[in-house]
Amino acid sequence: MSPIESQRLMLGKMMEMQQLAASDRIEPNIIPNENVNIGEDFKYVVRSINEQQNIAGDMMKAVDTGESEDVVGAMIASQKASLSFSMLMEVRNKVLNGIDDVMRMSL
């Protein structure tokens, strides 16, 4: 792949991201089963984040070994997985802080 083709690919990806960011509403991922308890919801989210991290790791490995030239796609997948994991940790911390606050309450 020539540098010009690489730049065109990156510009194309940037245009896609700009269009997505400019849209009025970004739809969240919807958990497929509505009749699930909170424990099952957390399991689903953790498995989804784990899958994202595995995909990002595989893409980065393919770029590192020369099997793929999709550096932009690998970086986007890596950032997406990192952001998802950070969000999970923030939610976990908020839940734990809420539990601590409830435990400190006097009756």
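As shown above, the structure is provided for reference.
Residues numbered from 1 in each chain as written. Predicted model: local features only at pLDDT ≥ 70, side-chain atom pairs only at ≥ 80, totals over all residues. Heavy atoms only, no water.

Caption draft 1: Local environment of the overall build of the chain. Along the backbone of the chain there are 3 helices and 0 strands. Starting at the N terminus and ending at the C terminus, the chain contains elements arranged as α-α-α. Per-residue burial for the chain yields a buried fraction of 10% across its 107 residues. Considering only contacts in the chain between residues 6 or more positions apart, those separated by 24 or more positions represent 47%. Total accessible area on the chain stands at roughly 9200 Å², and carbon and sulfur atoms take up 58% of it. (Helix = DSSP H or I, 4+ residues; strand = E, 2+ residues; numbered from the N terminus. Buried < 20%, exposed > 50% of the residue type's maximum accessible area, 1.4 Å probe, protein only. Contact = heavy atoms within 4.5 Å. Areas by Shrake-Rupley, 256 points an atom, 1.4 Å probe, with all protein chains shown as cover.)

Caption draft 2: Main features of the packing of helix H2 (residues 38-65) against helix H3 (residues 71-104). Packing of H2 against H3 brings their axes to within 8 Å, and their N-to-C directions diverge by 150°. Taken together, the axis directions place H2 and H3 in an arrangement best described as roughly antiparallel. When you trace H2 past H3, the crossing you get is left-handed. For the pair H2 and H3, contact is made by Phe42, Val45, Val46, Ile49, Gln52, Gln53, Ala56, Met59, Met60 and Val63 and by Val71, Gly73, Ala74, Met75, Ala77, Ser78, Lys80, Ala81, Ser84, Phe85, Leu88 and Val91, respectively. In the contact of H2 with H3, the residues fall into 16 nonpolar, 5 polar and 1 charged. (Axes fitted to C-alpha atoms, helices over the stretch in contact; angles between N-to-C directions. Parallel < 35°, antiparallel > 145°, perpendicular 65-115°, else oblique. Left-handed = near helix turned anticlockwise from the far one by under 90°. Nonpolar A, V, L, I, M, F, W, Y, C, P; charged D, E, K, R; others polar.)

Caption draft 3: Up close: the pattern of salt bridges. For the structure on display, the rule yields 2 salt bridges. Its salt-bridge partner being Arg104, residue Asp101 comes within 3.3 Å of it at the nearest N-O pair. Placement of both Asp101 and Arg104 in helix H3 is noted, with a separation of 3 residues, approximately one turn of the helix. The exposed category is assigned to Arg104, whose relative accessible area is 64%. (Salt bridge = Lys/Arg side-chain N within 4 Å of Asp/Glu carboxyl O.)

Caption draft 4: Representation of the side chain of Gln52. Topologically, Gln52 is positioned in helix H2. Classification of Gln52 by relative accessible area gives buried; the value is 18%. Beyond its immediate chain neighbours, meaning those up to four positions away, Gln52 contacts Lys80, Ala81 and Ser84.

Caption draft 5: Spatial organisation of helix H1 (residues 3-22). Compared with an ideal rise of 1.5 Å per residue, which puts 20 residues at 28 Å, H1 spans 28 Å between its outermost C-alpha atoms and is within 8% of the ideal. Across the 20 residues that make up H1, only a small minority, 0, are buried. (Expected span 1.5 Å × (residues − 1).)

Caption draft 6: Summary view of H3. Taking 1.5 Å per residue as the helical rise, H3 with its 34 residues ought to reach 50 Å, and the 49 Å between its terminal C-alpha atoms agrees with that figure. Restricting attention to buried positions, one finds in H3 the residues Val72, Gly73, Ala74, Ala77, Ala81, Ser84 and Leu88. On the buried face of H3, the contacting elements are H1 and H2.

Caption draft 7: Layout of the side chain of Ser84. With respect to the element layout, Ser84 can be found in helix H3. Judged by its relative accessible area of 19%, Ser84 falls in the buried class. Side-chain polar atoms of Ser84 contact the side chain of Gln52, separated by 2.7 Å. (Polar contact = N/O pair within 3.5 Å; in protein donor to acceptor, adjacent residues only side chain to side chain.)

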